[in-house]
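What the coordinates show
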Amino acid sequence: MESAQTADFSQNTSKTKVAKSKSLWQHAFSSLLKDKIAVIAFSFVLLYAVVALGAGLGIIASDWTKEIGPSYAAPTFKYILGTDIFGRSVALKAIKGTQVAMLVGLFTAMLSITIGVTLGAIAGYFGGRIDEFIVWFYTTFSSIPYIMLLMTFAFILGKGVTSVCLALGLSSWVSLCRLIRGEVIRHKDREYVHAAAAIGGGDFRKLFLHILPNVFHIVIINFSLTFQMAIKSEVILSYLGIGVQELPSWGRMIDEAKDELARGVWWQLAAAALAMFIIVLAFNLLGDALRDALDPKLKGK
Amino acid sequence: MKNITTLLTVFAFILGIGGCTKKVDVKERVLNLAVGSKIKGMDPIYANDRYSSNEVGRVYEGLLEYHYLKRPYTLVPNLAEAMPAVSADGLTYTFKVKKGVYFHDDKAFTDGKGRELVAEDFVYSIKRLADPKLQSLGWWVLDGKIKGLNEWRKKNSALPKVNYDEVVEGVKALDRYTVQFKLSKSFPQFLYSLAMTFTFATAREVVEHYGKEFLNHPVGTGAFVLPEFKQSNKIIYTKNPKFRKKLYPSEASEEFKQKGYLADAGKQLPLVDKVVVHIMVEAQPRWLNFQKGNIDYLGIPKDNFASTITPSKTLTPEQKKKGLILSITPSLDITYMAFNNDSDLFKNIKLRRAMSLAYDVNKSNELFYNGTGLPAQSVVPPGIAGNIKGYVNPYRGTDVAKAKALLVEAGYPEGKGLPAITYDISVSTVARQMGEFFKKQMKEIGINIKVQANPWPELQKKVDTRKVMMYGMAWGADYPDAENFLQLLYGPNKPPGPNGSGFNNEEFNRLYKVASLMQDTPERTALYEKMNRMIAEEMPVIWGLHRQDYVLYQGWLKNYIRSDFETGQVQYLNMDIEKKKALLSKF
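Keep in mind that what you see is a predicted model, and the values were worked out from it rather than measured.

Criteria and cut-off values
Residues numbered from 1 in each chain as written. Chains lettered and ligands numbered in written order. Predicted model: local features only at pLDDT ≥ 70, side-chain atom pairs only at ≥ 80, totals over all residues. Heavy atoms only, no water. Domains from an automatic or database assignment. Buried area = accessible area lost by both parts, 1.4 Å probe. Polar contact = N/O pair within 3.5 Å; in protein donor to acceptor, adjacent residues only side chain to side chain. Nonpolar A, V, L, I, M, F, W, Y, C, P; charged D, E, K, R; others polar. Contact = heavy atoms within 4.5 Å. Salt bridge = Lys/Arg side-chain N within 4 Å of Asp/Glu carboxyl O. Helix = DSSP H or I, 4+ residues; strand = E, 2+ residues; numbered from the N terminus. Patch = residues over 30% accessible without salt bridge, like charges linked within 9 Å, V, L, I, M, F, W, Y side chains within 5 Å. Areas by Shrake-Rupley, 256 points an atom, 1.4 Å probe, with all protein chains shown as cover. Buried < 20%, exposed > 50% of the residue type's maximum accessible area, 1.4 Å probe, protein only. Core = buried A, V, L, I, M, F, W, Y, C linked by side-chain atoms within 4.5 Å. Pairing = 2+ DSSP bridges. Axes fitted to C-alpha atoms, helices over the stretch in contact; angles between N-to-C directions. Left-handed = near helix turned anticlockwise from the far one by under 90°. Phe/Tyr/Trp six-rings, centres within 6.5 Å; stacked < 30°, edge-to-face > 60°. Arc of directions from axis to C-beta. pLDDT = per-residue confidence, 0-100.

1. Brief notes about the domain arrangement of chain B
Residues and elements named next belong to chain B. Split into domains, chain B comes out as domain 1 (1-38 + 231-331 + 550-587), domain 2 (60-217) and domain 3 (333-546). Each of domain 1 and domain 3 has a C-alpha centre, and the two are 34 Å apart. A combined buried area of about 1100 Å² lies between domain 1 and domain 3, and 56% of that area is made up of carbon and sulfur atoms. Inspection of the region where domain 1 meets domain 3 yields 4 residue pairs in polar contact (both at pLDDT 80 or more). Across the side of domain 1 that touches domain 3, the residue classes break down as 4 nonpolar, 2 polar and 4 charged.

Okay, structure coming up:
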C-alpha cells in the first residue's frame, strides 16, 4: 500500500518536476502559516536573529561593558534587568549573549549540515566501498564526546567561540548523515532518478538536482533542531568555563549567578535562563511544525 | 553478601541526603574539612602551595613545628628531642632526633611494618630536596645555605644517577639519633625552614619502592595515615594507631588560655579518629555543605558575607542560632597580579606603573572581599617587621589620568602598539570575575587583556615554565619573617623558585643578600623597610590586598584557631559529638 503511494508520488514528481516540487513547498508554507504556534515560534526566531545581527554589527548592546549603576542593583525602570557585580546592565549582557548563542547555533548548524548532507548523500548514492568507509568513519567519529573534541580545539586554537563552534559542528553531523544516507538509498532507485539517468543526467546531476531536493525537508528540520542543541551546549560549556571566554554568554551569566543567588541576586539567572528558554522552545516548536508541514508521509494527517 | 550490604549502605546514604534527620556516628570522631582546590600530590618536596602543603602536613612531620597555642608564632621541637644546640658562630645546628618514632606501616618496609625514624632520614630528605634530577619546588629554601649541598647538587646533575650515599658536609648523621647541619653562611631563618613541609622526613626505602608513584603513596610519621592518594574529591585520613606519645600542649598564650583552649591539655594526640578532606572548587557547594553541618570550618565566601555578617562584624542571629562561631584574624599574606618580568614588554617600568595606577584596588576589595582586606602598598604585610606603617605607594590606583600619561611615556599612548596581554587565573567563578574586573580596569587606559582560566596545578606549571604574561596569585607566609615575602622578588629565586614574576633587580638582590644573613636587629628591620619601599615603587607586580580571614566554625568543633601556618593543625582539633548531635537537630 505504502509503496504504491510513494511510487505514484514519485511518478508525478518526475513528470512535472518543477511545478510539483514548488507546490510541495507552497503547500508546506501555507500549512505553516495556518499553524499559529509555528508562526509565533518563527517570529521569535526572527526576533532573536535580528537582535543577534544588531548586536553583531554593533548597533545595539555595543556598550555592554559600561558601568550603568551600582553593583547588584535590583531590576527597576532605570535598570531594566538589574546590574551585575560590576554595575553593568544585565539586559545588555543578555542581548550580547544572544549574539553569541545565535552565532554558535548558526555556525554549528551550517557546519553540521554541510558535512552531514555531503557525506550522507555520497555514501548513500555511491554505496560500496565509499559507503563502507563513510559509515566506518562516522561511527568512529561519533564515539568522540564533544567535550573531548572541544578540549582538543581549545588546546590548539585557544578557548573561545571558534573552538566551541568547531567542536559542536564537528560532533553533531552524524545523525543527519545517517538519515540522509538512508533516504538517498531509498530514493536512488526510484523511477524519477532512472528517468533523469535516461535523459543523460550524470551522477552529480541526479544526486544534487533530483534526489537532494526530495530529502531536503529532513535537512531543514535538522537545522532547526541542531541550532537549539548548539545553543544549549554552548550555554553548558560556558557555564563550565570551557566555552566562550571574553564575551558575555548565557552560560557565563548562569555561572556567575550560582554564587550571586546566595546574596539574593536572581536577575542575572532569570535573564539568561529566560532568554535561553524562549529560543530553545521556539526552535523546538518550529522544528515540530516544519516536520508536520514538510514530511510528505505526514501529509493529510 | 558484602556487595548487598554495600549497596544498601549506598542507598541509605542517598536517602539520607534527602531526609531531614541526620545520624551522627557517636563512635567515631570524624573531622570534615573543605579545600577549594585540587591537590597536586603528596610529596613534601613538591608541596609549594598551601593546599598540597596542608595535606602533606597531615601525614609527614619535620624536626620543628609552631607551638599550637602561642602567639607570636614560636618554634618548638616536633621530631627533634629538643631545640638544637647551636655553635658559637651560629653556623652549626645539632639536633637529637626523638627515639621511638615509627613510620607508618607500608609494604615498602620489610614485613610491611614501619621502621623507626633515624637521623639518616633527615639527611636523605634534605638531599632529596636538593636532588638536581627531581626539580623540587622547595629547593629555594636551602639554596646556597648548607655547606657542600650546592656542590653535591651540581656534581650530581651531570651524573646519570644521583648518588645519595656521598656524604655532604653540611648535613650529616653523627649517630643513629643525631643530625647535624652546617650552614655555609649565616641564615637566620634556617630553623623556620625546618618547620616547612619541604624538609619533612621521608623514608628512602619508600621513595625507592614507589619511584615516580611516591607522589601518591605518602608514608610519614604523622598523626594520620593516608593509605593511598587518588585524585578524587575526597581524601580520607585515619588516625595513626602507632603514633608516638605526643600530648596536647599545657601552655598557651594568655588570649587562648582565657578562651579555654587548654581543656584538652595533656591528652594524647590526635584527638579525632578520622579526617575527611572534601575537595570543592566552587564556593557555594562548600558553603551549603558547611551550613548543613557537613563541613566543620570554612572561610566565608564573598557572596554569603552579607547574609552572615552584620555591619558591626558579628554573626547574624540566624547563624548564631546554629551555634556557629566567627573568627576574624588578619592573615600574613598578599594577593597580587604579577607581570612576567622576563618578557621585554614588562621590563618597561612605566608600563608596569601605569597598569598599577589604572587598577582600582579599593573597588576590588569591596567587590571580592566585602571591604575586609587592606590594600597592599608593598609586599610585606602588617604584623611583621619590615612593613612600613603609614606608607602610601605613589603608584597605586586609581588615577586614570596619571596612568594614561605614564602610558604615553612608556611608548604606548592609549595602549596603541601593545599586544593583547594574557592574564592567567585559576578556574573558579570568583577568579573569573576577578579576571574580568582586571580586564575592565585595564580597558579604561586602552590596554587589552585576555583572561585565561586554568586548573590550579596547571596555572602553577604555566608560571614555572614561564608560559605566562601576567597572572593572579597570592602568597601566604611560610614563616613570620619579612624575608619570606622579600624573597618572592629576589632574582635568583626565579622559577621553579617562588619568584614567579622573574623580577631581577641588582640593587635589590644585593640588599637581599645582605639582609638575609642578618639576625633580627633594628638594623635588619631598617634594611627590610628600605627594600620594601624600593620594591613598592618598582612595581614588579601589581599589589593587591593583605586579606583578613573570616572563618566560621561549627559549635562542636573544639580547639580551632585560624593560623597562618596550618601544617599539622588537624592533630590538635577535637570535636564534641554529643553537641554535634544536639546542634544538628536544630539545623
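2. Re the interface of chain A and chain B
Frequently, the measure chosen for interface size is the accessible area removed from exposure when the parts meet. The interface is formed by 20 residues belonging to chain A together with 24 residues belonging to chain B. Summed over both partners, the interface of chain A with chain B comes to about 2000 Å²; 42% of that surface belongs to carbon and sulfur atoms. Considering only the side of chain A, the residues that lose the most area to chain B are Phe86, Glu246 and Asp259 of chain A, jointly responsible for 32% of the buried surface there. Connecting chain A to chain B are 8 salt bridges. The shortest N-O distance in the salt bridge between Arg432 of chain B and Asp255 of chain A comes to 2.4 Å. Inspection of the region where chain A meets chain B yields 11 residue pairs in polar contact (both at pLDDT 80 or more). It is helix 11 (residues 250-260) of chain A that provides the largest number of residues to the side of chain A that touches chain B, a total of 6 residues. In terms of residue class, the side of chain A that touches chain B is built from 5 nonpolar, 4 polar and 11 charged.

3. Topic: a nonpolar patch on the surface
Residue and element names in this part refer to chain A. Nonpolar side chains collect at one region of the surface, where Ile37, Leu274, Phe277, Leu281 and Leu285 lie side by side and expose about 470 Å² of accessible area between them. Element by element, the count of residues in the nonpolar patch is highest for helix 12 (residues 267-294), at 4 residues. Note on placement: Leu285 falls in helix 12. Relative accessible area serves as the criterion here: at 33%, Leu285 is assigned to the partly exposed category.

4. Notes on the nonpolar core
Counting residues in hydrophobic clusters, the biggest one holds 206 residues, and the most contacted among them are Trp250 of chain A together with Phe181 and Met355 of chain B. With 14 residues, helix 12 of chain A is the single largest residue contributor to this core. Those residues in contact with Phe181 of chain B that sit more than four places away from it in its chain are Leu63, Leu91, Thr92, Tyr93, Phe95, Ile126, Ile146, Gly170, Val171, Phe190 and Leu194 of chain B. With 22 residues, the next largest nonpolar core counts Val104, Cys165, Leu168 and Ile242 of chain A among its residues.

5. Describing the pairing of strand 9 (residues 234-239) of chain B
Along any regular strand, the residues point their side chains to alternate faces of the sheet. In this sheet, strand 9 of chain B lies alongside strand 8 (residues 224-225) of chain B in antiparallel orientation, the contact comprising 2 bridges. Paired with Phe224 of chain B across the strands is Lys239 of chain B, a residue of strand 9 of chain B.

6. Focus: the pattern of salt bridges
Pairing is possible between side chains of opposite charge, provided their charged atoms come close. This model, assessed by the stated rule, comprises 46 salt bridges over all chains. Linked through salt bridges whose partners overlap, the residues forming this network are Asp84, Arg88, Lys93, Arg252 and Glu256 of chain A together with Glu436 of chain B.

7. Thoughts on the sheet that holds strand 6 (residues 171-175) of chain B
In sheet architecture, strand pairing relies on hydrogen bonds along the backbone and comes in two forms, parallel and antiparallel. Residue and element names in this part refer to chain B. Across the sheet, 4 strands lie side by side as 4-5-7-6; this open sheet has antiparallel pairing. Of all strands in the sheet, those bounded by a partner on one side alone are strand 4 (85-86) and strand 6. One ladder, built from 4 bridges, connects strand 6 with strand 7 (residues 178-182); its direction is antiparallel. Residue pairing in the sheet places Lys172 in a bridge with Gln180 of strand 7.

8. Digging into the packing of helix 4 (residues 90-126) of chain A against helix 5 (residues 128-141) of chain A
Residues and elements named next belong to chain A. Taken N-terminus to C-terminus, the directions of helix 4 and helix 5 make an angle of 140 degrees; their axes are 7 Å apart at the nearest point. The crossing of helix 4 and helix 5 is left-handed. Of the residues in helix 5, those in contact with Leu119, Ile122, Ala123 and Phe126 of helix 4 are Gly128, Ile130, Asp131, Ile134 and Phe137. Of the residues contributing to the contact of helix 4 with helix 5, the split by class is 7 nonpolar, 1 polar and 1 charged.

9. Observations concerning the environment of Thr314 of chain B
All names here are of chain B. Among the structural elements, Thr314 can be located in the loop between helix 9 (305-308) and helix 10 (317-321). Put simply, Thr314 and Gln284 are 30 residues apart on the chain and 21 Å apart in space, counted from C-alpha to C-alpha. Not counting chain neighbours up to four residues away, the residues in contact with Thr314 comprise Thr308, Ile309 and Leu326.

10. What about the packing of aromatic side chains?
Residues and elements named next belong to chain A. One pass over the full model with this rule turns up 41 aromatic pairs over all chains. Ring geometry for Phe133 and Trp136: centres 5.8 Å apart, planes at 35 degrees, overall tilted. One end of the pair is Phe133 and the other is Trp136, both in helix 5 and 3 residues apart, which spans about a single turn. Taking the centre distance of 4.9 Å and the plane angle of 40 degrees together, the rings of Phe204 and Phe208 count as tilted. Of the two residues, Phe204 and Phe208 both sit in helix 10 (residues 203-240), 4 residues apart, roughly one turn of that helix. A relative accessible area of 31% places Phe208 in the partly exposed class.

11. Description of helix 9 (residues 191-198) of chain A
Residue and element names in this part refer to chain A. Among all positions of helix 9, only Tyr192, Val193 and Ala196 are buried. Down the axis of helix 9, the buried set is contained in an arc of 105 degrees. They therefore lie on one face. In the stretch just after helix 9, Gly200 is the one whose phi turns positive, near 95 degrees.

12. Structural notes on the confidence of the model for chain B
Residue and element names in this part refer to chain B. Of the residues in chain B, 96% reach a pLDDT of 70 or more, and the chain-wide mean stands at 90. This stretch, residues 1-21, has a pLDDT under 50; its non-local contacts, to residues over four places away or in other chains, come to 1 contact. In the predicted assembly, ipTM is 0.74 and pTM is 0.78.

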